[in-house]
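Geometric and topological summary
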Amino acid sequence: MTIKYWLDLYAVLIRSSIRSRMQYKFNFILGTVLAATIQIAEFLMISIVLNKFGAVKGWSLYEVGYLFAVMTLAKTLYRTFASDVHHLERYLTTGELDQLLTRPVPILLALMSQNIRLMPGELLQGGAILYWSMHGMISSGQITWLALPYTLFVIVTGGVILFSIGLATATVGFWITRINELQTLTEDAAQTAVRYPLVLYPAWLRSLLLIVIPVGFVGYVPSLFILRGEYGSWLVYGIALLAVICLVISLRFWKFGLTRYQSTGS
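Residues numbered from 1 in each chain as written. Predicted model: local features only at pLDDT ≥ 70, side-chain atom pairs only at ≥ 80, totals over all residues. Heavy atoms only, no water.

With the rule as written, the count across this model stands at six salt bridges. Of the charged contacts in the structure, one is a salt bridge between Asp188 and Arg79, with a shortest N-O distance of 3.7 Å. Of this pair, Asp188 sits in helix 10 (residues 180–193) while Arg79 sits in helix 3 (residues 61–81), placing them 109 residues apart in sequence. A salt bridge links Asp84 to Arg90, with the nearest nitrogen and oxygen atoms 3.5 Å apart. For Asp84, a relative accessible area of 3% translates into the label buried. On the basis of relative accessible area, Arg90 is assigned to the partly exposed category, the value being 34%. One continuous salt-bridge network, built from bridges that share partners, spans Arg79, Glu187 and Asp188. (Salt bridge = Lys/Arg side-chain N within 4 Å of Asp/Glu carboxyl O. Helix = DSSP H or I, 4+ residues; strand = E, 2+ residues; numbered from the N terminus. Buried < 20%, exposed > 50% of the residue type's maximum accessible area, 1.4 Å probe, protein only.)

Below is the structure:
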C-alpha cells in the first residue's frame, strides 16, 4: 500500500472524528472562547511587564510576541492532528490501545485520528499576535514581508519537532506506563520556557532546551535569522533538516516501543 493510500485513509478518519466532535456545538464554542481568553490573558501579562521595562536582554515586545505566536501556532498544529499521542497514558492504563491494535491500519495512524482536537481559539489568538508583532517590526523597518514565508515554514517545521518530542515522550510509556509528569517536563514546561528568548536563561537550561529537548529550534533559533538577520537563511533549512531527523528517530523509537508493549490484561 502506498503513502497516498494511508494519507487518504487518515483524511477519512479525521473527517469522521471532526463530525463526532461537532455534534456538541456549545461545548466547542465555549472551549474555543475560553482557550483564546486564557492565551490572550497570558500574553497581556507579558506585555505589561515588557511595556514597563521596554525590552528584556535586548528583545523587544514585538520580538517576544513573535516567539509567543510561533510556539502557539506550532503547538496548535501538533495538537490538532496528533492530540491523542499526548494522551497515550489513558490508552495504556485502560487497555484502549488493545482495541487500536486490532484495526487494519498502522497503530500510530489509528491513534492520531482518534480525537482530532479543533483549536480555533489558539489559532486565532496565535495568528492575531503574529500579525501584530510582524506588522510592528515591518513598520519599524526591522524586517520585510519576506519574513512571512520563512515564518510559515518554521511554524510547520516547529510542529514536526513538537510532534517528534511528544511521540518520543509517549513511547516511554511502553516501559513506565505513567508519563504525565514526564510530559509536563518535555512538553508543557519546555514549550512555555521557549515562548521567551533563551538568552534569559542560564547556560545549562539553554543547553537542555536546545540539545536534550530541542524545543528551542521551534521559534527562538530561526528568529535569530528571520528577525535579526544573523547566520543566514541556511539556518532555517538546517532546522527543517533537524525536524526530519527528529521525526525519523521518534518514529523508530515508537516502533521499537511497540515491541515492548504488554496489554493491561497480560
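What follows covers the side chain of Thr80. You can see Thr80 is positioned in helix 3. Owing to a relative accessible area of 12%, Thr80 belongs among the buried residues under this scheme. One polar contact links the side chain of Thr80 to the main-chain carbonyl oxygen of Thr76, over a distance of 2.6 Å. (Polar contact = N/O pair within 3.5 Å; in protein donor to acceptor, adjacent residues only side chain to side chain.)

Next up on the list: the side chain of Ser133. Looking at the secondary structure, you find Ser133 in helix 7 (residues 120–139). What Ser133 contacts, discounting residues up to four positions off in sequence, is Tyr62, Gly65 and Tyr66. (Contact = heavy atoms within 4.5 Å.)

The next point concerns the UniProt feature "transmembrane region" (unreviewed entry) in the protein. Per the UniProt entry, the sites bearing "transmembrane region" (unreviewed entry) are residues 28–53, 154–177, 198–222 and 234–254 in this numbering. Across residues 154–177 one finds 92% helix and 0% strand; the C-alpha atoms that close the span lie 33 Å apart. Helix makes up 100% of residues 234–254 and strand makes up 0%, while its end C-alpha atoms are separated by 30 Å. (UniProt positions renumbered as here; feature names shortened; annotations may be inferred.)

Once that is clear, we can look at the packing of aromatic side chains. Within the structure shown, the criterion is met by ten aromatic pairs. Between Tyr150 and Phe225, the aromatic rings sit 5.2 Å apart at their centres with planes inclined by 90°, giving edge-to-face as the arrangement. In this pair, Tyr150 sits in helix 8 (residues 147–171) while Phe225 sits in helix 12 (residues 220–226), placing the two residues 75 residues apart along the sequence. One aromatic cluster is present, built from ring pairs that chain together Tyr150, Phe153, Phe225 and Tyr237. Just above the ring of Phe68 sits the side chain of Arg195; from NZ or CZ to the centre is 4.6 Å. One cation-aromatic arrangement involves Arg228 over Trp59; the distance from NZ or CZ to the ring centre is 4.1 Å. (Phe/Tyr/Trp six-rings, centres within 6.5 Å; stacked < 30°, edge-to-face > 60°. Lys NZ or Arg CZ within 6 Å of the ring centre and 35° of its normal.)

This part is about helix 13 (residues 234–258). For helix 13, built from 25 residues, the straight-helix expectation of 36 Å at 1.5 Å per residue is met to within 8% by its first-to-last C-alpha distance of 36 Å. Of all the positions in helix 13, only Leu235, Val236, Ile239, Ala240, Ala243, Cys246, Ser250, Trp254 and Gly257 are classed as buried. Where helix 13 is buried, its residues meet helix 4 (88–94), helix 6 (107–112), helix 8, helix 9 (173–176) and helix 12. (Expected span 1.5 Å × (residues − 1).)

Counted at 1.5 Å a residue, the expected span for helix 10 with its 14 residues is 20 Å, and the 18 Å between its end C-alpha atoms agrees. Turning to helix 10, the residues buried within the fold contact helix 3, helix 8 and helix 11 (203–212).

Time to look at a nonpolar patch on the surface. Together, Tyr62, Tyr131 and Trp132 line one region of the surface with nonpolar side chains, adding up to about 330 Å² of accessible area. Position of Tyr62 among the secondary structure elements: in helix 3. (Patch = residues over 30% accessible without salt bridge, like charges linked within 9 Å, V, L, I, M, F, W, Y side chains within 5 Å. Areas by Shrake-Rupley, 256 points an atom, 1.4 Å probe, with all protein chains shown as cover.)

This paragraph deals with the packing of helix 8 against helix 13. Two numbers describe how helix 8 lies on helix 13: the axes approach to 8 Å, and their chain directions differ by 20°. Classed by the angle they form, the pair helix 8 and helix 13 counts as roughly parallel. For the pair helix 8 and helix 13, the crossing hand works out as left-handed. From helix 8, Tyr150, Phe153, Val154, Thr157, Val160, Ile161, Phe163, Ser164, Leu167, Ala168 and Thr171 reach across to helix 13, where they touch Val236, Tyr237, Ile239, Ala240, Ala243, Cys246, Leu247, Ser250, Leu251, Phe253, Trp254 and Gly257. (Axes fitted to C-alpha atoms, helices over the stretch in contact; angles between N-to-C directions. Parallel < 35°, antiparallel > 145°, perpendicular 65-115°, else oblique. Left-handed = near helix turned anticlockwise from the far one by under 90°.)

What follows deals with the environment of Tyr261. For Tyr261, the location among the structural elements is in the segment after helix 13. For the pair Tyr261 and Leu92, spaced 169 residues apart in the sequence, the C-alpha separation amounts to 9.0 Å. Sequence-distant contacts of Tyr261, defined by excluding residues within four places in its chain, comprise Leu92, Leu97, Asp98, Leu101 and Phe174.

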